[in-house]
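# Structural characterization, general
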Amino acid sequence: MVDHLLGIQGLSKSDLYRYLDTAHSFVEVSERDIKKVPTLRGKTIVNVFFEPSTRTLSSFDIAGKRLSADTINVSIGASSVKKGETLIDTVRTLESMNPDVIVMRHSESGAPHFAAKHLARTSVVNAGDGAHEHPTQALLDLLTLKQYFATKKRGIEGLKIGFVGDVRHSRVARSSVWAHLTLGNEVRLIGPKTLVPEDFARGAFGTDTIKVYSDLAEGLKDLDVVVSLRMQLERQEEHFVPNLDEYSKEYCISERILARQAPGCVVLHPGPMNRGTEISGEVADGPRSLIRNQVTNGVAVRMAVLYLLARTVGAPEEVSHG
Ligand code: CP
């Protein structure tokens, strides 16, 4: 039976901790002088991204290489997709070369699930599908919070976390909200009513426990974690805000409002950031920002995901990464 990582929805708490504990064991590999372990030697990882990416693509590539797997990145612009090849023919063609894992990003929600259904021997990892899910981003955000709150002698349960901005189109928010609901955390969604409709939480997550705020200050009150989201203009077919200047006046996260409403909070942003639109440069580069840690942890989390899907031997603790 071939395993996949298609989303966070449906994962149990122990599944989440299994990914986090495995990622934790890989953090140290990236801090070595020689950043390479033989764990996936002889395995092949294909990264096929139908949408642009800086962080996710490069970190999957680095993660595979640090595990000694052979990795290739299929450039869609230079592929036969441009000649009209369908998604299913593209992934079946790639599977014919016997890769162990296909990592896929696609603008259509459900594309990696569709691919997984049609592949017999290859694991599929969802690297972001439309506005649906971005599971490895949620895991790297959790790892970042786990590391930070460990320094405060806290875990990642019992937190108050708020997602600010374009929640409606955010696959990052969807995956992360599923994770925080599973951990039993208090989740708030904050943004204009067009981007965070009153009934959004019930429709998307089937729960009334998520609080929705259109007033930024009110929503931020006493949060432990603020997740700033990019305005996903590429997924907006209509105008959801009058213009970005007006939006930023009401929803840009500044140090001033954080100091007043949530003085102890830390800030995450999945990137790419639009400084001055959803987050001020002062916050992005300031002491509460964990944004660079998120990027660093992206490699360890993707090493863990590739390892758990492509390994042929033993549990993490039984495998020497040396
Ligand atoms: N967070 C994220 O998915 O970034 P990229 O689009 O650069 O991969």
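Per the secondary structure count, the chain includes 12 helices and nine strands. Computed over the C-alpha atoms, the radius of gyration of the chain is 19 Å, within 12% of the 20 Å expected from 2.2 N^0.38 for a compact globule of 322 residues. When burial is assessed residue by residue, the chain has 55% of its 322 residues classed as buried. Counting only contacts in the chain whose residues sit at least 6 apart along the sequence, the fraction spanning at least 24 positions is 76%. Accessible surface computed for the chain: about 14,200 Å², of which carbon and sulfur atoms make up 50%. Computed over 39 positive and 39 negative side-chain charges, the inter-centroid distance for the chain is 3 Å.

Buried within helix H3 (residues 87-95) are the following residues: Leu87, Ile88, Thr90, Val91, Leu94 and Glu95. An end-on view of H3 places all buried positions within 160° of arc, on one side of the element. In this structure, the buried side of H3 is in contact with strand E1 (44-49), strand E2 (70-75), strand E3 (101-106) and helix H4 (111-118).

Once that is clear, we can look at the pattern of salt bridges. Considering all chains together, one arrives at 14 salt bridges under this definition. Here Arg275 and Asp285 are joined by a salt bridge, their closest N and O atoms 2.8 Å apart. With Arg275 in the loop between strand E9 (266-268) and helix H11 (281-284) and Asp285 in the loop between H11 and helix H12 (291-310), this residue pair connects regions lying 10 residues apart in the sequence. Judged by its relative accessible area of 45%, Arg275 falls in the partly exposed class. Each of Glu186, Arg188 and Lys211 takes part in one network of salt bridges that share partners.

For the rest of this paragraph, the subject is the sheet that holds E9. Taken in spatial order, the five strands make up an open sheet running E7-E6-E5-E8-E9, and their pairing is parallel. Both outer strands of the open sheet, strand E7 (211-213) and E9, are each paired with one neighbouring strand and no more. Shown here is a sheet whose adjacent strand axes are inclined to one another by a mean of 20°, direction ignored. As paired strands, strand E5 (residues 160-164) and strand E8 (residues 225-228) are joined by four bridges and run parallel to one another. Along E8, the bridge assignment pairs Val164 with Ser228. Of the strands in this sheet, E5, E8 and E9 are in contact with helix H5 (residues 135-150), which crosses E9 at around 165°.

Quick look at the packing of H5 against helix H6 (residues 171-182) now. At a closest axis distance of 8 Å, the pairing of H5 and H6 adopts a crossing angle of 55°. For the element pair H5 / H6, the angle class is oblique. Our pair here, H5 against H6, has a crossing hand that is right-handed. Note on element contacts: H6 touches H5 through Val172, Ser175, Ser176, Ala179 and His180, opposite Pro135, Gln137, Ala138, Asp141, Leu142 and Leu145. In terms of residue class, the contact of H5 with H6 is built from six nonpolar, four polar and one charged.

With that settled, consider the domain arrangement of the chain. According to the domain assignment, the chain consists of domain 1 (13-132 + 295-315) and domain 2 (135-293). On the side of domain 2, 27 residues touch domain 1, which itself brings 29 residues to the contact. Approximately 2,200 Å² of surface area, both sides summed, lies buried where domain 1 meets domain 2, with 58% of it carried by carbon and sulfur atoms. If you look at where domain 1 meets domain 2, you find three salt bridges. Put simply, Lys146 and Asp21 hold a salt bridge, and the shortest N to O gap is 3.9 Å. At the boundary of domain 1 and domain 2, one finds 14 residue pairs in polar contact (both at pLDDT 80 or more). Across the side of domain 1 that touches domain 2, the residue classes break down as 13 nonpolar, nine polar and seven charged.

Let us look at the pairing of strand E6 (residues 186-190). Most of E6 sits out of view: four of its five residues are buried. Relative to E6, E5 is paired through five bridges, and the arrangement is parallel. Note on E6: the bridge partner recorded for Phe163 is Leu189. As defined by bridge partners, E6 adjoins E7 across three bridges and the pair is classed as parallel. Its bridge partner lying in E7, Leu189 is registered against Val212.

Criteria and cut-off values
- Residues numbered from 1 in each chain as written.
- Predicted model: local features only at pLDDT ≥ 70, side-chain atom pairs only at ≥ 80, totals over all residues.
- Heavy atoms only, no water.
- Helix = DSSP H or I, 4+ residues; strand = E, 2+ residues; numbered from the N terminus.
- Rg over C-alpha atoms; globule rule 2.2 N^0.38 Å.
- Buried < 20%, exposed > 50% of the residue type's maximum accessible area, 1.4 Å probe, protein only.
- Contact = heavy atoms within 4.5 Å.
- Areas by Shrake-Rupley, 256 points an atom, 1.4 Å probe, with all protein chains shown as cover.
- Lys, Arg positive; Asp, Glu negative; His and termini not counted.
- Charge placed at Lys NZ, Arg CZ, Asp CG, Glu CD.
- Arc of directions from axis to C-beta.
- Salt bridge = Lys/Arg side-chain N within 4 Å of Asp/Glu carboxyl O.
- Pairing = 2+ DSSP bridges.
- Axes fitted to C-alpha atoms, helices over the stretch in contact; angles between N-to-C directions.
- Parallel < 35°, antiparallel > 145°, perpendicular 65-115°, else oblique.
- Left-handed = near helix turned anticlockwise from the far one by under 90°.
- Nonpolar A, V, L, I, M, F, W, Y, C, P; charged D, E, K, R; others polar.
- Domains from an automatic or database assignment.
- Buried area = accessible area lost by both parts, 1.4 Å probe.
- Polar contact = N/O pair within 3.5 Å; in protein donor to acceptor, adjacent residues only side chain to side chain.

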